[in-house]
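Coordinate analysis (summary)
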Amino acid sequence: MLTLGDAFADKIEENFDLVIISMANFIRNDHDGKALLTSLKALDGRVKIIVLGAGIQGNPHPEKMIPSNLQLIDFFNSRADIFAVRGQETAKWLKKHGFNNAKIIGCPSLYVYPESILGMNYAAARNRASGAKILTAGYLKQMDKGLHLRGDELIKAFKGLRASYVFQDEIFGLPEFQNRKGAFHEGRCEVSRDLVEEWLKTLGIVDVPFDRYHYFTETGSWRQAAMAHDVFVGDRFHGGVAALQACKPAMFLCHDNRVSELTRFFNLPALSTAEFTHLGLCRAMETYLSDDAEAKLKERYVSLYNRFRALFAEHGLKVRPLPERFRSYDESKAVAENALADAPGCVKGKEDSPGGENLAGLKSDLVNRLRGIIGR
């Protein structure tokens, strides 16, 4: 078994001021935190630690969790300078089990390109709905008795539409692809359509509605591909994030608390695959990508972005302000505390308006003002 050398902490302290750890949905029954916990304990507090993106998955029970994972959670709670979690559900679970230092920030990936999210135009996407090019992702993965149910439902939901499918980790469950010549074109980040459909036929699935199949080894290519589409509609949260980062609207097909926690937190459009199938693309876009939905998302985002900046500023770290063209809304002093004001871990930005307690209390003219800013 490999062990850390005696100089591990010395080298980390010598070369780094800060360790930032992105944890995603590690609060679950089957996660083993031993390796990471051993490394962090070896630092002995000599380097600051920030944890981002921690989230709950499923319905974990402490008595069923791997002990090292509970110890890792306790370490983050007691020793991290920032223990940031994805949403209210995670914060409530942590508080229930005695971990009281979590700060709710959502997923940090959504703060990387604020100008893209604030620059989205839902109306433009709706105008192209009848012939929209859709980017999607989900669960095209083989189970014991055939295709994963959510993958099968996704295929049925997209019948008659034009879509490109993005594989994520499910592609590694298809060992027959790994050594097949021509299975993957690295330059195009494209998986062979013929081989995918050949595999799906062995599961009894024909007439698949996807024109292309992608797998991306880095996110820049993913965003570039998203730009060639009109909208993301899919069953993977970060598939939608790639689209949002490329200034493209996203509708999230929501089936578990990993996705629902984040879509609620950011006011992102979320619906079930069954509802999307029932509505169809055009009606779904009219319903979930309305002008009102766009305004609410952007109001919420401005407030959350400012809180994200404020939290990091408390620890001496600078996050760039919103682009100049989006600051008029900021300067109006109308950025209000949202519905999470009383939730554990809420961070109040220093520039928040002193009287604002609830987004529902914002005057309608603020909505119009925000639309005017975004439309510039």
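Located above this text is the structure these notes cover.
Structure report, in brief.

Rules behind the numbers
Residue numbering note: each chain is counted from 1, following its sequence as written. Restriction of local features to residues with pLDDT of at least 70 applies here, the model being predicted, together with a cutoff of 80 or more for giving and counting side-chain atom pairs; totals for whole chains, interfaces and linings are based on all residues. Working from all heavy atoms in the structure, the side-chain values ignore hydrogens and water. Each helix corresponds to a stretch of at least 4 residues labelled H or I by DSSP, and each strand to a stretch of at least 2 residues labelled E; elements are numbered beginning at the N terminus. Burial classes: relative accessible area under 20% of the type maximum marks a residue as buried, over 50% as exposed, and values in between as partly exposed (1.4 Å probe, protein chains only). Every accessible area reported is derived by Shrake-Rupley at a probe size of 1.4 Å, with residue values counting cover from the shown protein chains alone. Residues are called lining when one of their atoms sits within 4 Å of a cavity or pocket point, these points coming from a 1 Å grid over the protein atoms alone, where a cavity is a set in which a 1.4 Å probe fits but cannot get out and a pocket is an open set with protein on both sides within 12 Å along at least five of seven lines. Grid points are joined across faces, edges and corners, and a volume is the space filled by probe spheres set on the points. In this classification, the charged set is Asp, Glu, Lys and Arg, the nonpolar set is Ala, Val, Leu, Ile, Met, Phe, Trp, Tyr, Cys and Pro, and all remaining amino acids, among them Gly, are polar. Here the rule is simple: two strands pair whenever DSSP picks up at least two bridges between them. Note on geometry: axes are C-alpha line fits, over the in-contact stretch for helices, and angles between N-to-C directions span 0 to 180 degrees. Contact between two residues is taken to exist if any of their heavy atoms lie within 4.5 Å; hydrogens are not considered. Two N or O atoms form a polar contact when they lie within 3.5 Å of each other; inside protein one atom must be a possible hydrogen donor and the other a possible acceptor, and for residues adjacent in sequence the pair counts only when both atoms belong to side chains. Any two rings among Phe, Tyr and Trp, with Trp reduced to its six-membered ring, count as a pair given centres within 6.5 Å; such a pair is stacked if its planes are under 30 degrees apart, edge-to-face if over 60, and tilted if neither. Each salt bridge in this description consists of a side-chain nitrogen of Lys or Arg and a carboxyl oxygen of Asp or Glu lying within 4 Å of one another. Note on terminology: a nonpolar core comprises buried Ala, Val, Leu, Ile, Met, Phe, Trp, Tyr and Cys residues joined through side-chain atoms within 4.5 Å. Within this analysis, the arc is defined by the directions that extend from the helix axis to the C-beta atoms. Just so you know how the angles are binned, under 35 degrees is roughly parallel, over 145 roughly antiparallel, 65 to 115 roughly perpendicular, and the rest oblique.

Helix and strand counts for the protein come out as 16 helices and 14 strands. Within the span of the protein, comprising 376 residues, buried residues form 52% of the whole. Roughly 18200 Å² of accessible area belongs to the protein as shown, and the carbon and sulfur atoms make up 49% of that amount.

With that settled, the discussion passes to the layout of surface pockets. Considered as a void within the structure, the largest pocket measures approximately 400 Å³ in volume. As for the largest pocket, its lining consists of 16 residues, and the residues nearest its centre are Asn-25, Gln-168, Arg-236, His-238 and Arg-258. Elements that contribute at least two residues to the lining of the largest pocket include exactly helix H11 (237-245) and helix H12 (257-266). A per-element tally of the lining of the largest pocket places H12 first, with three residues. Among the residues making up the lining of the largest pocket, the classes are represented as five nonpolar, four polar and seven charged.

Attention shifts here to the sheet that holds strand S3 (residues 82-85). Pairing is parallel in the open sheet, where four strands are placed in the order S1-S2-S3-S4. Two strands in the sheet have a free side with no partner beyond their single neighbour: strand S1 (18-22) and strand S4 (102-104). Going across the sheet, the axis of each strand differs from the next one's by a mean of 25 degrees, ignoring polarity. In this structure, S3 lies alongside S4, joined through three bridges in parallel fashion. Paired with Ala-84 across the two strands is Lys-103, which belongs to S4.

Next up on the list: helix H9 (residues 193-202). Those residues of H9 lying buried are Leu-195, Val-196, Glu-197, Trp-199 and Leu-200. On the buried face of H9, the contacting elements are strand S6 (142-143), strand S7 (146-147), strand S8 (162-167), helix H8 (175-178), strand S10 (190-191) and strand S11 (210-215). Two or three places before Asp-194, at the start of H9, stands the capping residue Ser-192, its side-chain oxygen 3.4 Å from that residue's backbone nitrogen. Phi turns positive, to about 80 degrees, at Gly-204, one or two residues after H9.

What follows is about the packing of aromatic side chains. Both the distance between ring centres and the angle between the ring planes are used here to describe each pair of aromatic rings. Inspection of every chain in the model, using the stated rule, returns 22 aromatic pairs. Each ring, one from Tyr-111 and one from Phe-266, has its centre 5.8 Å from the other, and the planes form 55 degrees; the classification is tilted. Of this pair, Tyr-111 sits in the loop between S4 and helix H5 (114-118) while Phe-266 sits in helix H12; the two residues are 155 residues apart in sequence, bridging distant segments of the chain. Overall, the relative accessible area of 5% leaves Tyr-111 in the buried class. Classification of Phe-266 as buried rests on a relative accessible area of 2%. Geometrically, the ring pair formed by Phe-167 and Tyr-213 is tilted, given 6.1 Å between the ring centres and 35 degrees between the ring planes.

Quick look at the pairing of S11 now. In this sheet, S11 lies alongside S8 in parallel orientation, the contact comprising five bridges. Counted as the bridge partner of Val-166 is His-214 from S11.

Even without being glycine, Ala-24 reaches a positive phi, approximately 55 degrees. Following the sequence through the fold, Ala-24 ends up in the loop between S1 and helix H2 (34-43). Judged by relative accessible area, which is 30%, Ala-24 ranks as partly exposed. With a phi angle near 55 degrees, Asp-207 is a residue other than glycine that sits in the positive phi range. Inspection of the secondary structure puts Asp-207 in the loop between H9 and S11.

Glancing now at the pattern of salt bridges. Evaluation of the coordinates by the stated rule reveals 18 salt bridges. Notably, a salt bridge pairs Arg-46 with Asp-10, separated by 2.4 Å at the nearest N-O pair. With Arg-46 in the loop between H2 and strand S2 (48-54) and Asp-10 in helix H1 (residues 8-15), this pair connects stretches of sequence that are 36 residues apart. A relative accessible area of 39% places Asp-10 in the partly exposed class.

With that settled, consider the nonpolar core. Core analysis: the largest hydrophobic core is formed by 111 residues, its most contacted members being Phe-76, Phe-167, Phe-210, Tyr-213, Met-251 and Phe-276. Ranked by residue count, the leading element in this core is helix H14 (residues 291-313), at eight residues.

Now for H2. Three or four residues apart is the spacing at which side chains of an α-helix point the same way, because the helix has 3.6 residues per turn. Those residues of H2 lying buried are Leu-37, Leu-40 and Leu-43. Across the axial projection of H2, the buried residues extend over an arc of 115 degrees, all falling on one side. Facing away from the buried surface of H2 by more than 90 degrees, the exposed residues are Ala-35 and Lys-41. Where H2 is buried, its residues contact H1, S1, S2 and helix H3 (67-79). Note on H2: the residue one or two positions beyond its end, Asp-44, has a positive phi of about 55 degrees.

Relative to each other, helix H4 (residues 88-96) and H12 sit at 110 degrees, their axes nearing to 8 Å. By the criterion of interaxial angle, the relationship of H4 to H12 is roughly perpendicular. From H4, Gln-88, Glu-89 and Thr-90 reach across to H12, where they touch Asn-257, Glu-261 and Arg-264. A per-class count over the contact of H4 with H12 returns no nonpolar, three polar and three charged.

Right, let's talk about the sheet that holds S11 for a bit. Strand order in this open sheet of eight strands is S9-S10-S11-S8-S5-S12-S13-S14, and the pairing throughout is mixed. A single partner strand is all that each edge strand has here, and the edge strands are strand S9 (184-185) and strand S14 (270-271). Relative to strand S13 (residues 250-253), helix H13 (residues 273-288) is tilted by about 165 degrees, and along the sheet it contacts strand S5 (133-137), strand S12 (231-234), S13 and S14.

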